[in-house]
Amino acid sequence: AADIALYRAKNDGRDRAYTFDHGLAAEVAQRRARETDVRQGIAHGWFELFIQPIVRLADGRIVGGEALVRLRHPEKGLISPGEFIPAAEETGLIRPLGRLILSEAVRKIPALAAANGGSFYLSVNLSGSQVTDTLPEYLEQLLTENGVPASQLVLEIMETALLDDAEKVNRILSRVSALGIRFALDDFGTGFSSLNYVNRFPVDIIKIDRSFTRRLTEDSHEAARVRALVTTSVTLGRELGLGLVAEGIEQAAEFDRSVELGMEYGQGYLFSPPLPHDAFLELARANAGARTEAPPAARAMS
Ligand code: C2E
Ligand code: MG
Ligand code: MG
Ligand code: MG
């Protein structure tokens, strides 16, 4: 076809044929642009951490928050992580960016905890390539410098981050875990052997992926299987003393079903979208101060 060009490139001394269509070429150009954005963002301090509350379903109290990075580009506006984290990972820029995110996140914790009435944890996403031998010391130093107790920091990892060199990863994560920092297994259930990872790595919290939350309220054969998976995860969590967070709760019905299935914590647009730092502080203060007014989650009690 006219829109397909055959392209030969030298690779490891061997000729390889690549087929490019316009879609793929555009994607490559987009990746390049994102790489440039990340480089410039690091140099100019364009990254911002938004924070989304994590709520105890029984009473609607905020127990923590997830730090979600955005790139505030002066011309392009706010760019979401789904668009630039993959580019950062491919180019290795995720290492400097990851350190930037970690240091900024830990620096924020004291104010966040104070606004929330003292008890609070901040959950920070960690890419697989950030799991290096220097990570434990780096984290220890960050906590010390900022006077932050390790119990107020959680690191979210995806199964894919645990795939390569599992032994080495496990050794590093165990050292981090020994500091008192907790780990959450992100997007739980989307990988092919999620249950296995809970056994092999120092996992403290399971975050049930939002694709499951979404299906909890469906009335289909598939939905029944999803409910079975969630029920199994709840049982597993109880047995192992793990925290369980339902991701992506948007609808009241999803909330109700999560509670019915025994989920203890939740996160999602029903409670709040990710918020800029100051807006989160305001929400946390109001939430910690609210004694009489029923938050959305309080319906579970009545
Ligand atoms: P994640 O860690 O699974 O984060 C949850 C994502 O779900 C966030 O998207 C959040 O805004 C979105 N979300 C929360 N509640 C709802 C809901 O009720 N409905 C829907 N539809 N979505 C909801 P976001 O902020 O765009 O982040 C996307 C992904 O980018 C994250 O998925 C995480 O894997 C990655 N990411 C974000 N921040 C960082 C970071 O600082 N470092 C690294 N390495 N990755 C990050
Ligand atoms: Mg996450
Ligand atoms: Mg997630
Ligand atoms: Mg996700």
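For the structure given in this document, a descriptive report is provided here. (Residues numbered from 1 in each chain as written. Chains lettered and ligands numbered in written order. Predicted model: local features only at pLDDT ≥ 70, side-chain atom pairs only at ≥ 80, totals over all residues. Heavy atoms only, no water.)

Comments concerning the coordination of the magnesium ion (ligand 4)
Put simply, a metal with four donors set out as a tetrahedron has ideal angles of 109.5 degrees, and one with six donors set out as an octahedron has ideal angles of 90 or 180 degrees.
So, point 1. The magnesium ion (ligand 4) binds to the protein through Asp-187 (OD) and Asp-187 (OD); the donor distances cover 2.8 Å.
So, point 2. Taken as an interatomic distance, the gap from the magnesium ion (ligand 4) to the magnesium ion (ligand 2) is 5.8 Å.
So, point 3. With respect to the helices, strands and loops of the structure, Asp-187 is situated in strand 8 (residues 182–188). (Donors = N, O, S within 2.8 Å, 3.2 Å for Na, K, Ca; no water. Helix = DSSP H or I, 4+ residues; strand = E, 2+ residues; numbered from the N terminus.)

With respect to the environment of His-221
So, point 1. Position of His-221 among the secondary structure elements: in helix 8 (residues 221–240).
So, point 2. Residue classification places His-221 among the exposed positions, given a relative accessible area of 64%.
So, point 3. Between the C-alpha atoms of His-221 and Arg-107, which are 114 residues apart in sequence, the distance is 47 Å. (Buried < 20%, exposed > 50% of the residue type's maximum accessible area, 1.4 Å probe, protein only.)

Considering helix 1 (residues 22–44)
Because the α-helix completes a turn every 3.6 residues, residues three or four places apart line up on one side.
So, point 1. The first and last C-alpha atoms of helix 1 sit 32 Å apart over 23 residues, in line with the 33 Å expected at 1.5 Å per residue.
So, point 2. Inspection of helix 1 places Arg-34, Asp-37, Val-38 and Gly-41 among the buried residues, and these make up the whole buried set.
So, point 3. In this fold, the buried residues of helix 1 make contact with strand 3 (47–56), strand 4 (62–73), strand 5 (77–79), helix 2 (81–91) and helix 3 (94–115).
So, point 4. In the segment just after helix 1, Gly-45 is the residue with positive phi, at about 70 degrees. (Expected span 1.5 Å × (residues − 1). Contact = heavy atoms within 4.5 Å.)

Things to note about the pairing of strand 9 (residues 205–208)
So, point 1. Side chains Ile-205 and Lys-207 of strand 9 all project onto a buried face; the interleaved residues Ile-206 and Ile-208 project onto the opposite face, where all are buried too.
So, point 2. For strand 8 and strand 9, the ladder comprises three bridges, and the chain directions are parallel. For Leu-185, the partnering residue across the bridge sits in strand 9 and is Ile-206.
So, point 3. Taking the sense of rotation as the criterion, the β-α-β connection linking strand 8, helix 6 (residues 194–200) and strand 9 turns out right-handed. (Pairing = 2+ DSSP bridges. Right-handed = clockwise from strand over helix to strand, strands pointing away.)

Concerning the pattern of salt bridges
So, point 1. Tallying each qualifying case throughout the model produces 17 salt bridges.
So, point 2. Here Lys-76 makes a salt bridge to Asp-37, at a shortest N to O gap of 2.8 Å. Of the two residues, Lys-76 is situated in the loop between strand 4 and strand 5 and Asp-37 in helix 1; the sequence distance between them amounts to 39 residues.
So, point 3. The class of Lys-76 is partly exposed, set by a relative accessible area of 46%.
So, point 4. The salt bridge partner of Glu-104 is Arg-107, with a shortest N-O separation of 3.1 Å. Residue Glu-104 and its partner Arg-107 are both found in helix 3; the two are separated by three residues, about one turn of the helix.
So, point 5. Accessibility expressed as a relative area gives 25% for Glu-104, which makes it partly exposed.
So, point 6. Via salt bridges that share partners, Arg-34, Asp-37, Lys-76 and Glu-83 belong to a single interconnected network. (Salt bridge = Lys/Arg side-chain N within 4 Å of Asp/Glu carboxyl O.)

Re the packing of helix 1 against helix 2
So, point 1. Running from N to C, helix 1 and helix 2 point in directions that differ by 85 degrees, and their axes come no closer than 9 Å. Taken together, the axes of helix 1 and helix 2 are roughly perpendicular relative to one another. Contacts between helix 1 and helix 2 involve Gln-30, Arg-31, Arg-34, Glu-35 and Val-38 on the former and, on the latter, Glu-83, Phe-84, Pro-86, Ala-87, Ala-88, Glu-90 and Thr-91.
So, point 2. Per-class residue counts for the contact of helix 1 with helix 2 are five nonpolar, two polar and five charged. (Axes fitted to C-alpha atoms, helices over the stretch in contact; angles between N-to-C directions. Parallel < 35°, antiparallel > 145°, perpendicular 65-115°, else oblique. Nonpolar A, V, L, I, M, F, W, Y, C, P; charged D, E, K, R; others polar.)

Overview of the coordination of the magnesium ion (ligand 3)
So, point 1. Coordination of the magnesium ion (ligand 3) by the protein is provided by Asp-186 (OD), Asp-187 (OD) and Glu-247 (OE), with metal-donor distances spanning 1.9 to 2.3 Å.
So, point 2. A separation of 3.7 Å is found between the magnesium ion (ligand 3) and the magnesium ion (ligand 2), both of which receive a donor from Asp-186. Residue Asp-187 is found in strand 8, and its partner Glu-247 is found in the loop between strand 10 (243–246) and helix 9 (252–260); the two are separated by 60 residues along the sequence.
So, point 3. Judged by relative accessible area, Asp-187 falls into the partly exposed class, the value being 22%.

Description of the site of ligand 1
So, point 1. In the vicinity of ligand 1 there are 21 residues, among which Asn-125, Asp-186, Arg-210, Glu-250 and Tyr-269 approach most closely.
So, point 2. Between Val-69 and ligand 1, the recorded distance is 3.2 Å, taken from a backbone N or O atom to a nitrogen atom.
So, point 3. Measuring from an oxygen atom of ligand 1, one finds a backbone N or O atom of Tyr-269 at 2.8 Å.
So, point 4. Protein contacts shield 84% of the accessible area of ligand 1, which totals 800 Å² for the unbound molecule.
So, point 5. At the level of secondary structure, the elements contributing two or more residues to the shell around ligand 1 comprise strand 4, helix 2 and strand 8.
So, point 6. In terms of residue count, strand 4 provides more of the shell around ligand 1 than any other element does, four residues in total.
So, point 7. Classifying every residue of the shell around ligand 1 gives eight nonpolar, five polar and eight charged. (Near = heavy atom within 4 Å. Polar contact = N/O pair within 3.5 Å; in protein donor to acceptor, adjacent residues only side chain to side chain. Areas by Shrake-Rupley, 256 points an atom, 1.4 Å probe, with all protein chains shown as cover.)

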